[in-house]
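Single-letter residue listing:
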Amino acid sequence: MESIWRKTCTIEERETLNREIQTEVAVIGAGMAGLLTAYQLKKASVHAVVLEAKRIGNGQTKNTTAKITSQHGLFCDAFIRKKGQKTAGQYVQANQKAIEEYEQIIQENNIECDFERTSSYVYSKNEKKLRNEAKAAAKLGIAASYVRHIEIPVPCAGAVRFEGQAQFHPLKFMKAIAEQLEIYENTPVRKVEGNLIQTAQGIVKADKIVFATHYPFVNFPGLYFTRMHQERSYVLALEDAGVINGMYIGDGEESYSFRRYGKYLLFGGQGHRTGENTGGKRYEMLRQKAKQFFPDAKEVAHWSAQDCITSDQVPFVGKYAKTRPGWFVATGFQKWGMTSSMVASKILCDMICGVENPYAKTFSSRRFSTEEVPQILKDGAKAVNGLSKRFFQVPEKAREELETGHGGIVKTKTGKAGVYKMEGERDCKVQSACCHLGCQVAWNPDEKTWECPCHGSRFDCHGNLLDGPAQEGIQYE
Ligand code: FES
């Protein structure tokens with residue numbers, strides 16, 4: 001299940017940190033946000049090192065659809081009503097500037113990463129909503145318009161078009177940027193205390209520390225786990241699907257994503273909250289849709305992505321917590337990781353260098369507004385539910401009832417366990433409680449993984465950690 005980006009780009013392995021080093025800034029996480037932050041700092045003559053638990057781009061960056069856009073769904077109209085025109089305008093401008101910044105970096109460094117300018121579209125069946133959105137976006141300074149006809153075969157009443165957006169190959173871009181940076185791979189961070197970072201085999205003393213780990217793994221202070229949840233979505237790369245020039249996404253239920261990469265069409269959808277996928281068959285449902293839309297197309301790759309969703313749909317960028325003045329964070333990029341990474345890198349670099357950034361307040365990680373409350377309560381209720389399942393829910397199945405090739409929470413002599421019944425082999429057993437904050441994990445039959453419904457940690461069928469905020473696996477002793 002390698003993404004098309006992984007299949008078409010290899011990045012040379014870097015050394016593992018096995019000594020003590022000192023630096024002005026340590027960036028934890030070599031995804032797009034981490035590398036761009038280190039890159040901006042280097043340009044500002046600040047010494048930065050990047051620490052990566054696995055490999056460069058190995059987290060969510062390799063799974064993105066790599067759209068670089070300020071069009072984040074049908075959001076302008078709603079944003080203006082919720083946050084006011086000034087804040088909405090700043091959000092849009094920061095993202096629009098991020099597109100220019102990518103282009104500039106690519107030109108300055110002669111990076112061959114298939115970058116191309118194109119329009120982005122959000123389609124919907126609701127024409128009134130589309131027209132209102134186009135007007136609101138234009139009010140915020142975007143070259144936006146309502147268009148009746150689009151080039152993809154989905155039933156809709158048209159779309160809102162943003163001109164001058166972009167798409168690229170994220171790993172080719174990262175590979176070029178990484179060559180200029182001091183990066184340590186296979187260097188998982190075990191502990192962060194003050195300005196001291198303890199890795200598996202080394203120590204980093206840093207004046208400032210940036211957490212660019214998709215989901216921050218230090219729970220206290222910060223409490224980011226109370227303000228975000230994670231969602232998964234699935235992507236197919238199709239050949240012979242015809243030529244599509246724009247980048248598309250649907251509004252609301254049954255939303256699909258489309259973009260071209262060379263001769264391939266990347267077709268995505270079937271999103272769900274991580275840990276809530278009991279029915280499975282997500283890839284199958286996506287394939288059926290692909291067949292309906294593009295009957296001649298052939299699948300060449302499939303993969304899935306995971307996104308952090310904040311309670312007010314704006315990323316958290318800035319100081320980690322009041323009590324940790326030297327710590328910074330970038331997280332909660334929704335489904336717009338490429339653009340948000342660039343926005344975050346500019347804000348963080350300015351903050352670290354003591355330069356005022358016009359967008360810092362809009363994205364501030366320490367902001368709090370009453371509009372966040374309903375989503376925080378909803379996420380809190382999900383967490384309580386996940387936790388109570390661990391203590392009170394009777395296992396649904398006995399081990400014998402599990403079908404081969406499937407997993408579930410079952411009764412054991414000592415309590416409960418997650419069991420994956422493998423074909424012709426011994427069962428694969430894991431702890432049923434997530435090691436982050438203890439919620440009961442759930443089986444994802446499409447990916448053959450264990451997922452935590454509370455904050456979205458993921459583990460492979462053996463219990464090895466795939467995605468945080470958990471920092472360890474859930475292997476059965
Ligand atoms: Fe938080 Fe599992 S991810 S309890």
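Whatever comes next refers back to the structure up there.
About the thresholds
- Residues numbered from 1 in each chain as written.
- Predicted model: local features only at pLDDT ≥ 70, side-chain atom pairs only at ≥ 80, totals over all residues.
- Heavy atoms only, no water.
- Salt bridge = Lys/Arg side-chain N within 4 Å of Asp/Glu carboxyl O.
- Buried < 20%, exposed > 50% of the residue type's maximum accessible area, 1.4 Å probe, protein only.
- Helix = DSSP H or I, 4+ residues; strand = E, 2+ residues; numbered from the N terminus.
- Pairing = 2+ DSSP bridges.
- Axes fitted to C-alpha atoms, helices over the stretch in contact; angles between N-to-C directions.
- Patch = residues over 30% accessible without salt bridge, like charges linked within 9 Å, V, L, I, M, F, W, Y side chains within 5 Å.
- Areas by Shrake-Rupley, 256 points an atom, 1.4 Å probe, with all protein chains shown as cover.
- Contact = heavy atoms within 4.5 Å.
- Nonpolar A, V, L, I, M, F, W, Y, C, P; charged D, E, K, R; others polar.
- Core = buried A, V, L, I, M, F, W, Y, C linked by side-chain atoms within 4.5 Å.

Asks: Teacher, can you tell me more about the pattern of salt bridges here?
Replies: Proximity of charged atoms lets side chains of opposite charge pair with each other. The final tally for this structure, using the stated rule, is 27 salt bridges. Here Arg19 makes a salt bridge to Glu15, at a shortest N to O gap of 3.5 Å. On the basis of relative accessible area, Arg19 is assigned to the partly exposed category, the value being 35%. Take Glu15: its relative accessible area is 44%, and that puts it in the partly exposed class. In this structure, Glu101 engages Lys43 in a salt bridge whose closest nitrogen and oxygen atoms are separated by 4.0 Å.

Asks: I keep staring at the pairing of strand 16 (residues 316-321) and nothing clicks. Help me out?
Replies: Residues in a regular strand point their side chains to alternate faces of the sheet. Along strand 16, five of the six residues are buried, which leaves the element largely enclosed by surrounding structure. Of the pairings in the sheet, the one linking strand 16 to strand 17 (residues 324-331) comprises five bridges and is antiparallel in character. Note on strand 17: the bridge partner recorded for Lys319 is Phe328. Between strand 16 and strand 17, which pair antiparallel and follow one another directly, the connecting turn spans two residues.

Asks: Could you clarify how one ought to interpret the sheet that holds strand 24 (residues 465-467) in this entry?
Replies: To summarise the sheet geometry, strands pair through backbone hydrogen bonds and adopt either a parallel or an antiparallel arrangement. Taken in spatial order, the four strands line up as 21-22-23-24 in an open sheet, and their pairing is antiparallel. Among the strands making up the open sheet, the edge pair consists of strand 21 (442-444) and strand 24. When strand polarity is set aside, the average angle formed by the axes of neighbouring strands in this sheet is 35°. Looking at chain direction, strand 21 and strand 22 (residues 449-451) are connected through three bridges and run antiparallel. Pairing of Asn444 across the sheet is with Thr449, part of strand 22.

Asks: I would appreciate a short explanation of a nonpolar patch on the surface in the present structure.
Replies: Together, Phe220, Leu223 and Leu437 give the surface a local cluster of nonpolar side chains, amounting to about 280 Å² of exposed area. Its relative accessible area of 38% is what places Leu223 among the partly exposed residues.

Asks: Can you walk me through the packing of helix 3 (residues 76-83) against helix 5 (residues 127-139) in this structure?
Replies: Axes are the key here: two packed helices are described by the angle between their axes and the distance separating the axes. It is at 7 Å that the axes of helix 3 and helix 5 come closest, and there the two elements cross at 65°. On helix 5, the residues that touch Cys76, Asp77 and Ile80 of helix 3 are Asn132, Glu133, Ala136 and Ala137. Taken together, the residues of the contact of helix 3 with helix 5 sort by class into four nonpolar, one polar and two charged.

Asks: What should I look at first to understand the nonpolar core in this one?
Replies: One recurring pattern in soluble globular proteins: nonpolar side chains tend to sit buried together. Ranked by internal contacts, the top residues of the largest apolar core, which has 84 residues, are Leu35, Tyr102, Phe168, Phe173 and Phe363. No other element matches the nine residues that helix 4 (residues 85-108) contributes to this core. Not counting chain neighbours up to four residues away, the residues in contact with Leu35 comprise Gly29, Ala30, Val50, Ile56, Met174, Ile177, Ala178, Leu181 and Ile183. Counting residues in each nonpolar core, the second largest holds 26 residues, with Leu17, Ala206, Val218 and Tyr320 among its members.

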